[in-house]
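# Understanding the architecture of this molecule
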Amino acid sequence: MKFSGKVFMSLGLMVFTAYVIITALKWPFKTGLFPIALGIPVFCMATAVFLMDLFGKEKKGGGSGPAVDFKLSESDDKELTHKRTVDIFLWILGWFLLILLIGFSLSIPVYFIAFLRFRSKESWKLSLILSVIAWAFFYGLFVRLLDTPFMPSLMQRGLEYIGILS
Amino acid sequence: MFESFIEGLFLVLQWKSFSYMLIGMTIGFWVGILPGLGGGATLALMMPFIYKMTPQEAFPFLLGMHSVVQTTGDITSVLFGIPGEATTVATIIDGYAMTKKGEAGRALGAALMSSLVGAIIGAFFLALAIPIVRPLVLAFGSPEMLMITLLGMTCIATLSGQGKRGLLLGLMTGGLGFLLSLVGQDRQAGILRFTFGQLYLWNGIPMVPLVVGLFALPEIVDMAVSGTSISRNVDPNMKLGRGVWQGVKDTFTHFWLTVRCSLVGSFIGIMPGLGGGVAQWVSYAHATQSAKTQEEREGFGKGDVRGVLGPGAANNSKEGAGLIPTVAFGIPAGSGMAILMGAFFMLGIVPGPDMLTKHLSLTFSMVWTICISNIIVVAVSLLFINHLARLTFIRGNLLIPFILMLVFIGGYTANNSIGDLIVVVGAGLLGYLMVRFGWPRPPFILGFILGDLVETYLYISVTRYGTDWIYRPKVIVIFILAVCVALYPFLQKKNLLNQEVQV
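So, on to the overall build of chain A. Summing up its helical and strand segments, chain A has five helices and zero strands in all. In sequence order, chain A lays out its α and β elements as α-α-α-α-α. The C-alpha atoms of chain A give a radius of gyration of 24 Å, which is well past the 15 Å a tight globule of 166 residues would have. Along the three orthogonal principal directions, the C-alpha set of chain A runs to about 55 × 50 × 30 Å. Expressed as a percentage of its 166 residues, the buried residues of chain A come to 23%. The contacts of chain A with a sequence gap of at least 6 include a subset with a gap of at least 24, amounting to 52%.

Structure follows, in structure tokens:
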């Protein structure tokens, strides 16, 4: 028996499809038919994959060929790879939260400076120049030219709430 | 008829029409390159500008823009692994893999040239098919459309990995995509499914943020982890653009594959409701079937140029073909064509038989617009390809924030909602886990695209015909075809193994 990310992934899909089936059972026939008809085979397949991952032996060079898809780069230093993966996911999540907090327009220069200067250790000059270019591109194309409606940020809402912004 | 054909050319070449076409092409060029900004949405944005134009000026302007979007959409897919358009995702699989090997120029050359071939075939498909396609489109009801979508589903087998486990994973991820397509308001009973009380999910999970997150974020993570440029392990002094002509030549080396994929795209293009999302994957699956040995088959996904040629050609050919039902019968083949049909009415033209008689030269001018605009855009792109390809040598640390900005804004423009950003991040995490654990993403996205269509066509068929729809001759024929397509990869594999044993 071997617990790995693969096992948890297929277990997650089993739980998800079980939820889909249980929820769909409460719906009228027409609405529930498709989720149930699809959910059951997907659940069975996820269970099969789960059991294979849990109890099966890894076959080297046989059994299953690679998926027709992109592959992640392989590295010998697993710890560094793991650390960098977590790090970049946090940076991605960070920008998402920054957009919520201060909006697209402000988040772009702030994120660019933070990412380039503090994560990538680029010079202040290059960080500032690239931030300005990115912001000018965003503002010129999406704000001025396309007039894209951007959602108000939490900060903007807060300032409106306390009466600083109208 | 020939006279109208030539007259159509002269209509496009009039200086005003030609200038409008150039403006439209320039807009289309950038719309294609920028992720998230779709051709359909931009058509809608351009509509107010055509009020004062004549039809001879408006159509070159709109079609010049719309028909090059897929062509340049491939550039972003190949260079950065971000789909420039939702319809250029399949190009990433092998195109981006080639870029990472330092073959960006070759991949771009192949993508652009196959796009051009596809566009020309699609345009001439439009010209030739108008008189003969009418009975075909009108004879296809919901049961036949359902069978065609099932035919598309059979490509999942081809897009999955090899072996029993590969097939199992492919079917499972296809099913997962299918399940996610069920989110939203049920069209039959109006009941909300898996919306968790969120208004945002009433219309289902939007395609653009899902695709952008699913395909682009794992690439960004990989770039950050490896800490190099996109063209990693490639000598920076190497001229990336030198492979361009090789890519162009590849299109002609595999010319029949390009033609076949163009025809696949054209056929899917004339079928209302299917669109480029389906065409790209079906043609990609067809391209993988062109492998002659097991080793070749395993090369797909790692940078096989045929994986770029197939979707590149199909994406563009479906544009011309999509005009057939729109122009001839007033049945828009997709959202972009529905918007274009709005332009017809704004200009006082009613799509239908008049377009084949009274306005035949205008119809042919559309054929010429598609051809000429694609030729110009491909020529311009080929001129600057070396500079474009050099972008892949920029350090990953500098590129990541720019790509991430395009990903977030591209995803956000789908509905201009915070929900879009959540979908981008969620899909990115799912995409990363899928890649990490070897779950193939192409079947997932094909299931997602086709799920909604299958359910809709099934319900219409059952409501309209009961169970009798199963016995319709065309349904049986397409079903047999679908079974053959589903079995083909297994027979092909068996043949390949037999051949290798004999050798």
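Moving on, there is more to tell.
Here the domain parsing of chain A yields domain 1 (5-55) and domain 2 (78-161). Placing the centre of domain 1 of chain A and that of domain 2 of chain A at their C-alpha centroids yields a distance of 38 Å.

Let's shift gears to the interface of chain B and chain A. Facing the 57 residues of chain B at the interface are 54 residues of chain A. For the side of chain B that touches chain A, the secondary-structure elements that each account for two or more residues are helix H5 (90-100), helix H9 (163-180), helix H10 (207-226), helix H18 (396-412), helix H19 (418-436) and helix H20 (441-465) of chain B. It is H9(B) that provides the largest number of residues to the side of chain B that touches chain A, a total of eleven residues. Here the side of chain B that touches chain A is composed, by residue class, of 34 nonpolar, 15 polar and eight charged.

Here we come to the nonpolar core. Counting residues in hydrophobic clusters, the biggest one holds 187 residues, and the most contacted among them are B:Leu62, B:Leu108, B:Val211, B:Val407 and B:Phe408. Residue contributions to this core peak at 16 residues, all from helix H6 (residues 104-139) of chain B. Each of two domains, domain 1 (5-55) and domain 2 (78-161) of chain A, supplies a minimum of three residues to this core. Other than its neighbours up to four places away in sequence, B:Leu62 contacts B:Gly24, B:Leu43, B:Met46, B:Ile50, B:Leu340 and B:Ala343.

Residues and elements named next belong to chain B. At a minimum axis separation of 8 Å, helix H7 (residues 142-153) and H20 run at an interaxial angle of 155°. Taken together, H7 and H20 sit at an angle that is classed as roughly antiparallel. In the crossing of H7 with H20, the sense of the turn from one axis to the other is left-handed. Contacts between H7 and H20 involve Ser-142, Pro-143, Met-145, Leu-146, Thr-149, Leu-150, Gly-152 and Met-153 on the former and, on the latter, Leu-446, Leu-450, Leu-453, Val-454, Tyr-457, Leu-458, Ile-460, Ser-461, Arg-464 and Tyr-465. Classifying every residue of the contact of H7 with H20 gives 13 nonpolar, four polar and one charged.

This brings us to the packing of helix H15 (residues 306-329) of chain B against helix H17 (residues 360-390) of chain B. Any two packed helices are characterised by how steeply their axes cross, that is the angle between the axes, and by the distance between the axes. Residues and elements named next belong to chain B. Close contact between H15 and H17 brings their axes to 11 Å; oriented N to C, the two are set at 165°. Compared by their axis directions, H15 and H17 come out roughly antiparallel. Every pair of crossing elements has a handedness; the one defined by H15 and H17 is right-handed. In this structure, H15 contributes Asn-316, Glu-319, Gly-320, Leu-323 and Val-327 to the contact, and H17 contributes Thr-363, Met-366, Val-367, Ile-370 and Asn-374.

The pLDDT averaged across chain B works out to 82; a share of 91% of its residues lies at or above 70. Per-element confidence in chain B is highest for H19(B), whose mean pLDDT is 93, and lowest for helix H8 (residues 155-159) of chain B, whose mean pLDDT is 70.

For the rest of this paragraph, the subject is helix H1 (residues 2-13) of chain B. Residue and element names in this part refer to chain B. Here H1 contains twelve residues, and its C-alpha end-to-end distance of 17 Å stays within 8% of the 16 Å for a straight helix at 1.5 Å per residue. Turning to H1, its buried residues number three or more, namely Gly-8, Leu-11 and Val-12. Axial view of H1: buried residues confined to an arc of 90°, hence all on one face. Exposed residues on H1 whose side chains face more than 90 degrees from its buried face are Phe-2, Glu-3, Ile-6 and Phe-10.

About the cut-offs
Residues numbered from 1 in each chain as written. Chains lettered and ligands numbered in written order. Predicted model: local features only at pLDDT ≥ 70, side-chain atom pairs only at ≥ 80, totals over all residues. Helix = DSSP H or I, 4+ residues; strand = E, 2+ residues; numbered from the N terminus. Rg over C-alpha atoms; globule rule 2.2 N^0.38 Å. Buried ≥ 20, exposed ≤ 12 C-beta atoms within 10 Å, placed from the backbone. Contact = placed C-beta atoms within 7 Å. Domains from an automatic or database assignment. Nonpolar A, V, L, I, M, F, W, Y, C, P; charged D, E, K, R; others polar. Core = buried A, V, L, I, M, F, W, Y, C linked by C-beta atoms within 7 Å. Axes fitted to C-alpha atoms, helices over the stretch in contact; angles between N-to-C directions. Parallel < 35°, antiparallel > 145°, perpendicular 65-115°, else oblique. Left-handed = near helix turned anticlockwise from the far one by under 90°. pLDDT = per-residue confidence, 0-100. Expected span 1.5 Å × (residues − 1). Arc of directions from axis to C-beta.

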